[in-house]
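# A closer look at the structure
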Amino acid sequence: MNQPFITFGSPDIQQDEIDAVIATMQSCWLGTGPKVAQLEKDFSRYKLVTSEQVAAVNSCTAALHVSLIAAGVGPGDEVITTPLTFCATVNAIIHAGATPVLADIDPLTLNIDPTEIARKISSRTKALVPVHFAGRPCEMDAIVQLANQHQLKIIEDCAHAIETEYRGQKAGTFGDFGCFSFYVTKNITTGEGGMVIGKKIEDIQRVKILALHGMSKDAWKRFSDDGYKHYQVVECGFKYNMMDLQAAIGIPQLARVDQSWIIRQQIWQQYQQAFADLPVQLPMEPQADTRHGYHLYTLILDPERSPLSRDQLLDAMTKRGIGVGVHYMSLPEHSFYQQKFAWQPQQCPHAMFAGRQIISLPISAKLTAIELQRVISAVQELLQG
Ligand SMILES: *Cc1c(COP(=O)(O)O)cnc(C)c1O
């Protein structure tokens, strides 16, 4: 019997999103406008910041790029980040003209290790880009302390971490900037999209200008019914604005963010119980006084005891109709970075090991109880040996 394929990271799209997109199409205002302003307002409320402290953009990659520039990062600067992240994190640093420097992860939390950051700080270090891996918050006390001590900017990569909190404070509000992703597989989606939170209002004003060609006024205000307004190009910006069509999807998604989080938390907890006796390293339980975003559920195979290699497990799961992922091969595994920066996987041994043994299982809020049971049974059968 052929069972339907479980697509990894498939988003939970409901009738509200479909209706909102149709209403936006019918309004004929597709570009940046009232829906984007609404999503910004809703997001700022969720994050307990003011609406002047957020800016919607068309991806987290764009958010990181303009945040780095607005943080004053440029040629000659070094920016320290984690090797266990999506390539966009370092590509944004490179696009800002700076040199990325990797600090290895803590092998248990899989987040950047503050002691490794301290070892990598030089006179050229300008900023830190911690990534809250899988939604687990980084050690922000230690990271903020290092940044204060060495006068470094912090740009948090919160692509996994909309719901994440650390000691009662929301992820994305520790740094000078917090960057969020609304890509299809993320905790909430707008298809493609992202958001920046800024500590300072003037930083977000700069981000908004950088994200729309360097223009001093956005198109919505330009063509509004209180008359045409001239704009000035005040710097050479980018084309990173979010459309109302995208924001229309995001508004109901954000309204359900905590509901979806509870569903993913339950999936996460069921996986933890089901896989406790397998030859794997389970994700570390969330630390007290923090909130995990439960964006990814990852197993790290014990290569000495696992009956299958990681890549054999990826294939076997796919054959059973279950989509799986790898988050992530460590960045020094990729040829471009090896050639450009002479990076070698061995320089970050913990990230190298994790990246070679890790597998991500489906944790979408859309996963049904039957699908969840299929994933659990497949992993148990394949790894029990
Ligand atoms: C998805 C992701 C990004 C990029 O997000 P986009 O919105 O697709 O540009 C950046 N960093 C991390 C850690 C991610 O997972």
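Residues numbered from 1 in each chain as written. Predicted model: local features only at pLDDT ≥ 70, side-chain atom pairs only at ≥ 80, totals over all residues. Heavy atoms only, no water.

The strands making up a sheet associate through backbone hydrogen bonding, with each pair oriented either parallel or antiparallel. Spatially, the three strands line up as an open sheet ordered E10-E12-E13, and their pairing is antiparallel. Each edge of the open sheet is held by one strand with a lone partner, namely strand E10 (280-281) and strand E13 (358-361). Two strands pair when backbone bridges link them, and strand E12 (residues 297-301) and E13 are joined in this way by four bridges, in the antiparallel orientation. Within E13, the position partnered with tyrosine 297 by the bridge is leucine 361. In the packing of helix H11 (residues 310-319) onto the sheet, contacts are made with E12 and E13, and the angle to E13 comes to roughly 20 degrees. (Pairing = 2+ DSSP bridges. Helix = DSSP H or I, 4+ residues; strand = E, 2+ residues; numbered from the N terminus. Contact = heavy atoms within 4.5 Å. Axes fitted to C-alpha atoms, helices over the stretch in contact; angles between N-to-C directions.)

Here we come to the environment of glycine 9. Along the chain, glycine 9 turns up in the segment before helix H1 (15-27). Judged by its relative accessible area of 16%, glycine 9 falls in the buried class. Spatially, the C-alpha atoms of glycine 9 and glutamine 259 are 17 Å apart, while their sequence positions differ by 250 residues. Contacts of glycine 9, omitting those with residues within four sequence positions, involve Val184 and Thr185. (Buried < 20%, exposed > 50% of the residue type's maximum accessible area, 1.4 Å probe, protein only.)

As a further point, take the layout of surface pockets. Of the voids in this model, the largest pocket is the one considered here, and its volume is about 600 Å³. In this structure, the largest pocket is lined by 40 residues; those nearest its centre are Tyr183, Val184, Thr185, Lys186 and His295. Among the elements of the structure, helix H3 (60-70), helix H4 (87-95) and helix H10 (257-274) are those that each provide at least two residues to the lining of the largest pocket. Among the residues making up the lining of the largest pocket, the classes are represented as 17 nonpolar, 17 polar and six charged. Taken together, domain 1 (15-255) and domain 2 (257-383) each give at least three residues to the lining of the largest pocket, which thus spans both. (1 Å grid on protein atoms, 1.4 Å probe; cavity = no way out; pocket = protein on both sides within 12 Å on 5 of 7 lines; lining within 4 Å. Points joined across faces, edges and corners; volume = space filled by probe spheres on them. Nonpolar A, V, L, I, M, F, W, Y, C, P; charged D, E, K, R; others polar. Domains from an automatic or database assignment.)

A few words now on the domain arrangement of the protein. If you check the domain split of the protein, you get domain 1 (15-255) and domain 2 (257-383). Between domain 1 and domain 2, the C-alpha centre-to-centre distance is 25 Å. In this complex, domain 1 contributes 40 residues to the contact, which on the side of domain 2 involves 38 residues. When domain 1 packs against domain 2, the two sides together hide about 3200 Å² of surface, and 61% of this comes from carbon and sulfur. Across the contact surface, domain 1 and domain 2 share one salt bridge. On the surface where domain 1 and domain 2 come into contact, there are 22 residue pairs in polar contact (both at pLDDT 80 or more). Where the side of domain 1 that touches domain 2 is concerned, the elements lending two or more residues are H4, strand E3 (99-102), strand E6 (165-166) and helix H9 (244-255). Looking at the side of domain 1 that touches domain 2, the element that brings in the most residues is H4, giving four residues. Looking at the side of domain 1 that touches domain 2 residue by residue, the classes come out as 21 nonpolar, 12 polar and seven charged. (Buried area = accessible area lost by both parts, 1.4 Å probe. Salt bridge = Lys/Arg side-chain N within 4 Å of Asp/Glu carboxyl O. Polar contact = N/O pair within 3.5 Å; in protein donor to acceptor, adjacent residues only side chain to side chain.)

What follows concerns unusual backbone geometry. Looking along the chain, the bond that leaves histidine 327 and enters tyrosine 328 is cis, with omega of 0 degrees. Following the sequence through the fold, tyrosine 328 ends up in the loop between H11 and helix H12 (335-341). With a phi angle near 65 degrees, alanine 134 is a residue other than glycine that sits in the positive phi range. Of the residues examined, alanine 134 reaches a relative accessible area of 7% and is grouped as buried. Even without a glycine there, the phi angle at aspartate 289 is positive, about 70 degrees. Mapped onto the elements, aspartate 289 comes out in the loop between E10 and strand E11 (290-291).

The next subject is a nonpolar patch on the surface. A cluster of nonpolar side chains, namely Ile13, Ile18 and Ile22, defines an oily patch on the protein surface of about 240 Å² accessible area. By the element assignment, isoleucine 22 lies in helix H1. Note on isoleucine 22: relative accessible area 42%, which makes it partly exposed. (Patch = residues over 30% accessible without salt bridge, like charges linked within 9 Å, V, L, I, M, F, W, Y side chains within 5 Å. Areas by Shrake-Rupley, 256 points an atom, 1.4 Å probe, with all protein chains shown as cover.)

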